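The residues making up each chain are set out below.
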Amino acid sequence: MSEKKSNNMDFKKIPARTKIQKTYESYKDLLEEIMLSIKIKLADNLKLSSQPTYKARIKSFSSYYKKVLRQHPEEAATSDSLVCLTDMMGIRIICTFLEDIQIVLGQIKEMFKVVEVEVKGAEQSFKEFGYESVHVLVKIPEDCLPKNRKPELVLPDELVCEIQIRTILQDAWAEVEHELIYKTEFTPFDMPLRRKLASMNASLSLADIIFQEIRDYQKNLQSEMSMRRKSFYEKADDLTIEEKTLHPNEMVERINPYVQGTIDELLLQAIKAHNAGDLDNAILIYTKIIDSKPTPNNVVLSVIHKHRGMAYFSKNDYENALHDFSESFNYDERSFRSIYYMGIVYSIQKDHEKAVECFSKSLEINEYQSHTFYRRALAYYELQQYENAMNDVIAAQKLGLEEAGLENLHSKLVEKFDMKM
């Protein structure tokens, strides 16, 4: 008679849900406290131009138990200790732009001991859908461990916290994807729906890329404009105070004089040429933009005329500069800088009455311009209106302007008042 095979299972190897739950629940408050400390550490130390938002969660027991059964069934069945998973504590950092992800990752590496970095979704083909996210596992630092915890709650050596870094759009996709996919089961008949989801994911990814490109453009443009404005002011200071003529800066980079593309691209190319000292090329591109009659409003024309005026100014072509600054102000009567620049040109041309008129108009629009008070004070001084000049010097000083020329003017005015007494 053949021996029958036993169908009895080894029940000792089946994890007891009740026991595992009791152990996990006993650690939950401690894990919550540790996670909160890490979240605070991140919020206090991460530095971005656009600050991120944070989400944090302790893994629910239901999710924890399912994962334990998949990954550590034998350990759960035989051990009375906490079975450690890498994602029991999860913190999500939600950034505005794609570039922020690598910045945050770099700062996290400086703050914590990093165990692992994984880029989720990087392996997917363009036909697949799924969220992208950078997942970082970090060791728990000493300053994030509660000082007064129960002695029986021994923390495993391998305990880590999972930090996810995503953009706003990546996070939105992950939330929706979780509801539509992981909480339901796809069938072979779901192919049209899969295509729709893949299309949506591609659209969100493209949107993230476009947002980043716009951000890069704005930062580049702002940097170039700051350089151009600084150069303009330096020349104006030299001409007004030291009465000497500057020559255009030595050209650093040659820009193609025939630039194709949008007005934004043309403007950036013009300003780069302007900053490189290639003033003729800059004026050529500014003129091309003006001749194209950009729409939908006059603000664009105001900005371009102002830039071209600054280029003419750098060429010592004050008549064309004055014309462009005047046109800029005509297109946008809130452009206090354009009328201020007119005042600078009039000062250089020794027409101090018109300079005072322009500086006053600029201050009517924006009364918190320390340099405008200073330049009006210089014009008043030339007109021998010393009391008005002193009032403007005091206003510039109150607004925080610290400049040798301002101090010198103040000293001269003090001498003038002493002579009158």
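Predicted, not measured: the structure shown is a model, and the values here were computed from it. (Residues numbered from 1 in each chain as written. Predicted model: local features only at pLDDT ≥ 70, side-chain atom pairs only at ≥ 80, totals over all residues. Heavy atoms only, no water.)

Visitor: Just to check I follow, could you spell out the overall build of the protein chain for this structure?
Guide: A count of helices and strands for the protein chain gives 15 helices and five strands. The 421 residues of the protein chain split such that 44% are buried. At a minimum sequence separation of 6, the contacts of the protein chain that also span at least 24 residues come to 68%. (Helix = DSSP H or I, 4+ residues; strand = E, 2+ residues; numbered from the N terminus. Buried < 20%, exposed > 50% of the residue type's maximum accessible area, 1.4 Å probe, protein only. Contact = heavy atoms within 4.5 Å.)

Visitor: Mind showing me how you'd approach the environment of alanine 16 here?
Guide: Here alanine 16 is to be found in the segment before α1 (17–45). For the pair formed by alanine 16 and alanine 76, sequence separation is 60 residues and the distance between their alpha carbons is 7.9 Å.

Visitor: Even after reading the chapter, I still don't get the sheet that holds strand β4 (residues 133–139), so can you show me in this structure?
Guide: Backbone-to-backbone hydrogen bonds join strands into a sheet, with any given pair of strands oriented parallel or antiparallel. Spatially, five strands are ordered β1-β2-β5-β4-β3 in an open sheet, and the strand pairing comes out mixed. The open sheet terminates on both sides in strands that have one partner only, identified here as β1 (53–58) and β3 (114–120). Strand after strand, the sheet turns through a mean of 20° between neighbouring axes, direction not considered. Sitting on the sheet, α1 touches β1, β2 (89–95) and β5 (160–167), and the angle it makes with β1 is about 165°. Against the sheet, helix α4 (residues 98–111) touches β2, β3, β4 and β5, its axis set at about 160° to β5. (Pairing = 2+ DSSP bridges. Axes fitted to C-alpha atoms, helices over the stretch in contact; angles between N-to-C directions.)

Visitor: In this structure, what is going on with the side chain of threonine 167? I would like to understand it.
Guide: Residue position: threonine 167 is located in strand β5. Note on threonine 167: relative accessible area 0%, which makes it buried. Threonine 167 has contacts with Ile94, Cys95, Phe97, Leu98, Ile101 and Asp208, leaving out every residue within four places of it along the chain.

Visitor: Explain the nonpolar core here, please?
Guide: The tendency in soluble globular proteins is for nonpolar side chains to be buried as a group. Tyr286, Leu409 and Leu413 are the most contacted members of the largest nonpolar core, which totals 53 residues. Residue contributions to this core peak at eight residues, all from helix α11 (residues 336–348). In this structure, leucine 413 is in contact with Tyr381, Tyr386, Ala389, Met390 and Val393, ignoring residues within four places of it in sequence. Membership of the second largest hydrophobic core comes to 45 residues, among which are Tyr24, Leu85, Ile91 and Val136. (Core = buried A, V, L, I, M, F, W, Y, C linked by side-chain atoms within 4.5 Å.)

Visitor: Help me understand the pattern of salt bridges in this model?
Guide: Opposite charge on two side chains allows them to pair when their charged atoms are near. One pass over the structure, following the stated rule, counts twelve salt bridges. Where lysine 59 meets aspartate 87, a salt bridge forms, and the shortest distance between an N and an O atom there is 2.9 Å. Of this pair, lysine 59 sits in the loop between β1 and α2 (61–71) while aspartate 87 sits in the loop between α3 (73–78) and β2, placing them 28 residues apart in sequence. A residue is classified by how much of its surface remains accessible, and lysine 59, at 10% relative accessible area, is buried. With a relative accessible area of 7%, aspartate 87 lands in the buried category. (Salt bridge = Lys/Arg side-chain N within 4 Å of Asp/Glu carboxyl O.)

Visitor: How should I be thinking about the packing of α1 against α2 in this particular structure?
Guide: Between two packed helices, what matters for the description is the angle formed by their axes and the separation of those axes. The N-to-C vectors of α1 and α2 enclose an angle of 125°; their axes lie 11 Å apart at closest approach. When the axes of α1 and α2 are compared, the pair comes out oblique. For the crossing formed where α1 meets α2, the hand is right-handed. Where α1 abuts α2, its residues Arg17, Ile20, Gln21, Tyr24 and Glu25 lie against Phe61, Tyr64 and Tyr65. (Parallel < 35°, antiparallel > 145°, perpendicular 65-115°, else oblique. Left-handed = near helix turned anticlockwise from the far one by under 90°.)

Visitor: Would you mind showing me how to read helix α14 (residues 386–398) here?
Guide: Given 3.6 residues to a turn, an α-helix orients residues that are three or four positions apart in the same direction. Over its 13 residues, α14 extends 18 Å from the first C-alpha to the last, a length consistent with the 18 Å expected when each residue adds 1.5 Å. Directly after α14, the chain includes glycine 400, whose backbone phi takes a positive value near 95°. (Expected span 1.5 Å × (residues − 1).)

Visitor: Looking at this structure, I do not really get a nonpolar patch on the surface. What am I missing?
Guide: Together, Leu206, Ile209, Ile210, Phe211 and Ile214 make up a nonpolar patch on the protein surface, roughly 440 Å² of accessible area in all. Tracing the sequence through the fold places isoleucine 214 in helix α6 (residues 191–242). A relative accessible area of 44% places isoleucine 214 in the partly exposed class. (Patch = residues over 30% accessible without salt bridge, like charges linked within 9 Å, V, L, I, M, F, W, Y side chains within 5 Å. Areas by Shrake-Rupley, 256 points an atom, 1.4 Å probe, with all protein chains shown as cover.)

Visitor: Help me out: how do you make sense of a negative patch on the surface in this one?
Guide: Taken together, the side chains of Glu25, Asp29, Glu32 and Glu33 define an acidic patch exposed on the protein surface. You can call glutamate 33 partly exposed: its relative accessible area is 44%. (Lys, Arg positive; Asp, Glu negative; His and termini not counted. Charge placed at Lys NZ, Arg CZ, Asp CG, Glu CD.)

Visitor: Looking at this structure, I do not really get the packing of aromatic side chains. What am I missing?
Guide: Aromatic ring pairs: the centre-centre distance and the angle between the two ring planes describe each pair. A complete count under the given rule lists nine aromatic pairs for this structure. A centroid spacing of 5.7 Å and a plane angle of 25° characterise the contact between phenylalanine 61 and tyrosine 65, whose relative ring orientation is stacked. Within this pair, phenylalanine 61 and its partner tyrosine 65 are both found in helix α2, separated by four residues, close to a single helical turn. The burial state of phenylalanine 61 is the same as that of tyrosine 65; both residues are buried. Taken together, the ring pairs in this structure connect Tyr24, Phe61, Tyr64 and Tyr65 into an aromatic cluster. Positioned above the aromatic ring of phenylalanine 112, the side-chain terminus of lysine 41 is 5.8 Å from the ring centre. (Phe/Tyr/Trp six-rings, centres within 6.5 Å; stacked < 30°, edge-to-face > 60°. Lys NZ or Arg CZ within 6 Å of the ring centre and 35° of its normal.)

Visitor: Any chance you could explain α1 here in plain terms?
Guide: Under the 1.5 Å per step criterion, the end-to-end length of α1 is 40 Å for 29 residues, consistent within 8% with the ideal 42 Å. In the structure, α1 departs most strongly from a straight axis at lysine 28, where the bend amounts to approximately 40°. (Bend = angle between axes of the 7 residues up to and from the residue.)

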